[in-house]
Amino acid sequence: MKKTVCTLPHPDILAGITEPLLRWYHAQETERALPWREDVTPYHTWLSEIMLQQTRAAAVIPYYHRFLAALPDIPALAACDDELLMKLWQGLGYYSRARNLKKAAAEITAQYDGQMPADFAKLLALPGIGRYTASAIGSIAFGLPLPAVDGNILRVVMRVLACREDIAKDTTKRAVEAALAPHYPEGSEAGALNQAFMDLGATICLPHGTPHCESCPLARLCLAHDAGCAQELPVKVIKKKRRVEKLTVLVLRQGKNIALHKRPAKGLLAGLWEFPNVSGHLSADEVTKKLNAHGLTPLRVQKLPDAKHIFSHVEWQMQAFRIDLAEPAEPADFTVMEHHDELIWASPQELADIYSIPSAFQYFLPII
């Protein structure tokens, strides 16, 4: 019978976490200055939390500034053009995050007059907002006493309690959330406590390598530190192996213009622009024959360096060719080999300013 309830050992220890963790955070918060902490609004907090998913804070900062310069408030986000949205997000990856931002902004504009609701259940009902994000927004922007349980909190708590429950399980996350909730303050300290956990996990209670226990404000409470097993925790069951897909990417050029293809509206990298590509690893001769079969005349075929891109569930192993094509007498109206969708031809300036090229294909941008 499957275990449906997670019981944390020694939960009473958690009552002693709040005071030393907040004292440590306030003593060092200027050392980790971040723009979304300097000008706290519900929109800024929401945007930063979405951007920070799967992305390091240092990498997010320029994207955050650029995004707010273009879309300074929630109604502007709700009304923005999809191409602009994707261009602003280009390079951050996980593009469904951006699409859900716009969907949620539209709902907030329609239902709440453009202002985020100060209510956990209403936040949770918005597209792209899960329990962690709703708790982070609620605590940081509205002062609600909500533990924002992410990888940092899970790692810290599992080590403090020397708990070997699998943190990949929802039951474990909910147990940690329930155990911490009674110890969360209201007001600005609620958000400060969540940010303290984030900072502790990012700088001291590290996920890889040796944690800096000698500098940790919770060392005297930490059972894993006492037992010398901090690096064994937390326990996380390894996911199944990623599926490997082989692709041949075709960087097609007519003069200075580059061929782009728009991916389907659903699925991986939905609705983004890509270089045309085919399944499998083709030789230069095979590529030439395939292009000839579609009425394209290669003048020069150059092999590019191979590249690999890893998504959460699939790994792309890509080889690529840069192909200079003869320019047709009539305007180009070609189809992609496997998709039967028209190509568009983008100038270098349009590539820079308009079309959003996902990271998986940006390996080939510097060499086109």
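Look up: the structure comes first, before these words.
Note that the structure is a prediction, hence the values are computed from the model and not measured.

(A) Summary view of the nonpolar core. Counting residues in hydrophobic clusters, the biggest one holds 57 residues, and the most contacted among them are W46, F67, L77, W89, M116, W316 and F364. Apart from the residues lying within four places of it in its own chain, the contact partners of M116 are P42, Y43, W46, I74, I108, L123, L126, I129, I137 and F142. Counting residues in each nonpolar core, the second largest holds 40 residues, with I13, L21, L22 and V160 among its members.

(B) Focus on helix α7 (residues 96–112). Its 17 residues place the ends of α7 23 Å apart at the C-alpha level, agreeing with the 24 Å of an ideal helix rising 1.5 Å per residue. In the core, the buried residues of α7 are packed alongside α3 (42–52), α4 (57–70), α5 (74–79) and α6 (82–89). D113 lies just past α7 and shows a positive phi near 55 degrees.

(C) Representation of helix α10 (residues 151–160) within the structure. Taking burial as the measure, the 10 residues of α10 include nine buried ones, the bulk of the element. Every buried residue of α10 is listed here: N152, I153, L154, R155, V156, V157, M158, R159 and V160. Where α10 starts, the residue carrying a side-chain oxygen 3.1 Å from the main-chain nitrogen of N152 turns out to be D150. Looking at the residues trailing α10, positive phi occurs at A162, about 50 degrees.

(D) Representation of empty space enclosed by the protein in the model. Evaluated as defined, the whole model comprises three cavities of 30 Å³ or more. Taken as a whole, the largest cavity encloses approximately 120 Å³ of empty space. Lining the largest cavity are 15 residues, with R159, C205, C213, C216 and C222 sitting closest to its centre. No other element matches the three residues that α10 contributes to the lining of the largest cavity. When its residues are assigned to classes, the lining of the largest cavity shows 12 nonpolar, two polar and one charged.

Scoring rules and cut-offs
- Residues numbered from 1 in each chain as written.
- Predicted model: local features only at pLDDT ≥ 70, side-chain atom pairs only at ≥ 80, totals over all residues.
- Heavy atoms only, no water.
- Core = buried A, V, L, I, M, F, W, Y, C linked by side-chain atoms within 4.5 Å.
- Buried < 20%, exposed > 50% of the residue type's maximum accessible area, 1.4 Å probe, protein only.
- Contact = heavy atoms within 4.5 Å.
- Helix = DSSP H or I, 4+ residues; strand = E, 2+ residues; numbered from the N terminus.
- Expected span 1.5 Å × (residues − 1).
- Polar contact = N/O pair within 3.5 Å; in protein donor to acceptor, adjacent residues only side chain to side chain.
- 1 Å grid on protein atoms, 1.4 Å probe; cavity = no way out; pocket = protein on both sides within 12 Å on 5 of 7 lines; lining within 4 Å.
- Points joined across faces, edges and corners; volume = space filled by probe spheres on them.
- Nonpolar A, V, L, I, M, F, W, Y, C, P; charged D, E, K, R; others polar.

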